[in-house]
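So you can see what is in the structure, the chains are spelled out below.
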Amino acid sequence: MTSRIKYLAPFAVGLVALFIPLLRDFHIESAILAATIGAYWGGIAAVKAGPGMDLRCAIQINGFLYLAGLPLALFSVLTGCFTVHGLGFWVFLPLPSVFLGYSIGRLSRQFRVPFPRFFTVVVLLLITFGGFLYEFFTLPQLYFYNHVWGYWPGPIYDEAIQFPLSLVAFRFLTLCWILVIWLVPMLDEDRFYRWILGLAVLGLLTGYMQLEKTRIITPKETLQQRLGGQLETDHTRIYYAEQAISDQEIDRMATEIEFYIHQIQHSLGIDKPDSSQKIELYLYAHPWQKKELVGAKYTSYVTVWQQVPQVHIAKTQVDGSLKHEVVHAVTALLPWPGLVPNIGLTEGIAVALNPDRSPRSTIDQLVAAHKPYPTAEQMSSSLSYWGFYTNRSAVSYTTTGSFVRYLIDEKSPQEFLDAYRCGSIELGYSESFSVLVEGWHQRLDSVRIDSSDRERASEIFGRLSIFEQQCPHKVPRAAELFDQYLLYEILNDTTRVISTLAALKEIDPEERSPQLLWMLWNLRAGHTDPVIAQADPNATRIEYQLLTADAHRMATNYTEAREYLNQAVSLAAQQSDTTFDEAFAVRLDSLQWSYDLRLRYENIVLQPGEFDLAYYRLKIRALQNVLDLDADNNLLESYANRLLKLPLDLEYFDTYLSLIHRLAYEGSIELSQMWIKKLSEEVLSLRYQERLAQQRAWIVYLDGKDEM
C-alpha cells in the first residue's frame, strides 16, 4: 500500500497542477518548476542515501518528477496543446538538474561535510540565484541559463517559446559539472575515472570560453559589435543596426529622443538627466534580431535595474513605443533607486506620458467606454506586480495609465513623484486610495465617448492574457508562416514573401487574406502571370477582383482588366458596399489607373506636374511614398504646399501628422505651422487633438532647440 502511495502521490500532484493556469501546460513553466524541485530533492536525498544506491535513487527521483508531469502531458495531448518544444524542455530541464543536485549532496556526504543538508541547500541556492543575479544586473539580455532551473527564454507573453539549440550546449556544461562533482570522490578507485574527469574539465574550459558564440550570454560589447552603428546625443548613447537604419533615420530618431526627454522633464517638473550619465539605447533592425540577441521579440524594455538604464527596441517598434521606453529610462535616473517596487506605477507613468494605446481614442475614453470602472480593490491589484501581469495586458496598461494621468493632471506632478519614489500611492497623497480612485471615476464620467470608442475598447480589452489561453505556447502552423512572412516583408525579400504566402494560402484556401497578400506581392514583383493564371471571375471578394484587374492592366490586357473592374463594381452594388468607391473612380480613368499602379506596386513618386493631375487619394499615396523613401525635401515641400490649398480629408489624418513631423524636422517650420493651423480649424476628436498637440510641441521644440 505504501509503495502504491509513493507512486500515486506525484501523479496526484500533477492532477492538481491541471487547475493552475499556465502551469498546467506541458511546457517551459512546469519544466522549470520540476527542475528546481528535482535539484533540491536530489541534493537532500543524496545526503542520506545508502552506499551503492546513488544512481538508482537519482533515477527514481526523475521518475517521480515525470510521473507528476504525465497528467500535464496527457492533458496537452487531449486538448491539442502538445508541442515538441514542450517535450524538449521537459527532457533537458528536470533530468540534468536532478543529477546536479544529487551529485552535490553526494559529495557532501562522502566528504563528511558538517551539516551536509544545510551545506547542499546553500550551494544549490548560490547556483540558483548567484549566477542569475550577476547576469541580471550586468548583462543586457532578458534570457537566462541556470544549472538548477535550466532556462528562462525572456518575456513569456512575447511569442511562442521555442526550444533553443543553445540549451543543448548549456546542458553539456551541466553534464560536465555533474561528472566532475560525481567523480572527485572516486579518483583513487580507477584510472578510468581520472580520464573521464579530465575530459569533463576540458569540456568545462572549452564551453565557458564559448559562452558568447553559443548565445548563452550576450555582453554589451558583443551586442554593440553586432549592431555596428553608434551615435551620441546630449543625453543618450545610441547603438543601432547600421545595415538596416540609414544615417538620416538615426539622426531623426536621435532628435526625437532628445525631444521626448525634454517633454518628460517638462511634464514632471524635473531636471533633465545629468548629461554625464547617458541613457544607452539599443536599436535593432527588427524584432527577430532583438529576439536573437537579447531574448525579447515584440516586447521593448528598459533595464531600469542596472546602473545605466538601457532601452532595447526594434526599428519597427519606434513609432508606438519609443517615448514609452524613454520615460522608463528617464525616471530610472531620478535621484532614487530606478527599480520602483510598484509595476503599476512604473508602467502607468509611461502610458500616462505616452498615451498611445489607440490612434483614435484617448486612454480615458477607452476606460470610460468599458464600464464598470475598476474598483479601488481592482486598481490596488493592478498596481501590484502579480496583479498587473495576471490581468489582461491591455487592461493593466490602459487603466493604470489613465489613473496615473489623472493623478498628475488633477493633483500635482510632485505628489505623484513622491508616491512613485515610495512605490505606494498611500504614502504620496494625503487622501486615501479609495478617494483618489473615486475622483478618477468622476473624471471618467465627464469624458465624451461614442460607439467607435466602445468598439475599440471592447477589442483592446477583450484580448486574452496568457493565463486565460487554452494553449498559451502552441502556435498554429498558419501563425508560424505569417510570422515568417512579416520577417521577410521587413527584409524586403520578395521571393521568400511570395513563397511563404503561397504556403500559407494552401493551409486554409478559404482564408482570403493570404490569397490577397500573395496577389499583392506578386504584382509588386512584376509577376502578373501567376495572378492572372489563378483568376476567378466568379469570386465574390471585391479586393480579389480589383487585384486581378490590376494584373491584367499591368500586362496590357486592357479588355480583361475592364471586365474584372466591372465585376468588382457589380459586386459592390450587390453588397451595398461603398468602401471602394474611390478605388473604382481611380481605375475608371486610364491616366489615374496608371498613376495608381506605379504608386502602389513600384513605390515611385509623382513629379509635381503629375501630382497636380492625380486624384486626392493618389496624392496622399504619393506623399506617403515620399515619406517612406526619405525622398528629397524639396519634393516633400512641393507636395505639402500643393495639398495645403485643397480641402482636408481626415481619413488621412495619420499621413498629415507624418507630413508635419517631417517638415518640421527638415527645417520647414513655417510650412509645418501652416499645416497645424489648417488641421486645428477642423472638428477633431479628443485623440486627434492630443496627437496634433504632440506635433505642435515638436515644432516648438525644434524651433527653439538652439536656444536650450
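Residue numbers run consecutively from 1 along every chain, following the written order of its sequence. Only residues with pLDDT of 70 or above have their local features reported here, since the model is predicted, and side-chain atom pairs are shown and tallied only from 80 upward, although totals for entire chains, interfaces and linings are computed over all residues. Only heavy atoms go into the side-chain values, all of them from the structure, while hydrogens and water stay out.

Enquirer: I'd love a proper account of the overall build of the protein chain, names of residues and values included.
Expert: In terms of helices and strands, the protein chain carries 35 helices and seven strands. Taking the principal axes of the C-alpha coordinates as reference, the protein chain spans close to 95 × 70 × 50 Å. Burial analysis of the protein chain (708 residues in total) assigns 51% to the buried set. Every residue pair with non-hydrogen atoms within 4.5 Å of one another is taken to be in contact. Intrachain contacts of the protein chain at a sequence separation of at least 6 include 70% that bridge at least 24 residues. Surface accessibility follows the Shrake-Rupley procedure with a 1.4 Å probe radius. Residue values consider only the protein chains on display as shielding. For the protein chain, the accessible area works out to roughly 33,000 Å², and carbon and sulfur atoms hold 57% of it. Charged-residue counts in this description rest on Lys and Arg as positive and Asp and Glu as negative, His and the chain ends being excluded. A charged residue contributes its charge at one atom only: NZ of Lys, CZ of Arg, CG of Asp or CD of Glu. When the 61 basic and 79 acidic side-chain charges of the protein chain are each reduced to a single mean position, those positions are 7 Å apart. Each helix is a run of DSSP H or I of at least 4 residues and each strand a run of E of at least 2, with the numbering of both proceeding from the N terminus. In this scheme, a residue with accessible area under 20% of its type's maximum is buried, one over 50% is exposed, and one in between is partly exposed, where area comes from a 1.4 Å probe on protein chains only.

Enquirer: Would you mind going over the confidence of the model for the protein chain in detail, with residue names and values included?
Expert: Interpretation of this model should avoid reading the predicted coordinates in detail wherever pLDDT is low. Per-residue confidence for the protein chain gives a mean pLDDT of 92; residues scoring 70 or more make up 98%. Every residue carries a pLDDT, the predictor's confidence in it, which falls somewhere between 0 and 100. Confidence scores differ between elements of the protein chain, with helix H16 (residues 385-390) showing the lowest mean pLDDT of 78 and strand S1 (residues 144-146) the highest of 98.

Enquirer: Give a detailed account of helix H12 (residues 318-332), specifying residues and quantitative values.
Expert: The span expected for a helix works out to 1.5 Å for each residue beyond the first. Spanning 15 residues, H12 covers 20 Å between terminal C-alpha atoms, matching the ideal 21 Å at 1.5 Å per step. Among the residues of H12, those classed as buried are Val-318, Leu-322, Lys-323, His-324, Glu-325, Val-326, Val-327, His-328, Ala-329, Val-330, Thr-331 and Ala-332.

Enquirer: Mind laying out unusual backbone geometry, listing which residues take part and the relevant values?
Expert: Residue Pro-372 follows Lys-371 across a cis peptide bond; omega there is 5°. On the secondary structure map, Pro-372 appears in the loop between helix H14 (363-368) and helix H15 (376-382). The phi dihedral of Leu-22 falls on the positive side, at around 75°, and the residue is not glycine. Checked against the element boundaries, Leu-22 lands in the loop between helix H1 (2-17) and helix H2 (28-48). The backbone of Asn-492 shows a phi angle near 55°, a positive value even though the residue is not glycine. Following the sequence through the fold, Asn-492 ends up in the loop between helix H22 (477-491) and helix H23 (494-507). Among the residues examined, Asn-492 registers a relative accessible area of 54% and is labelled exposed.

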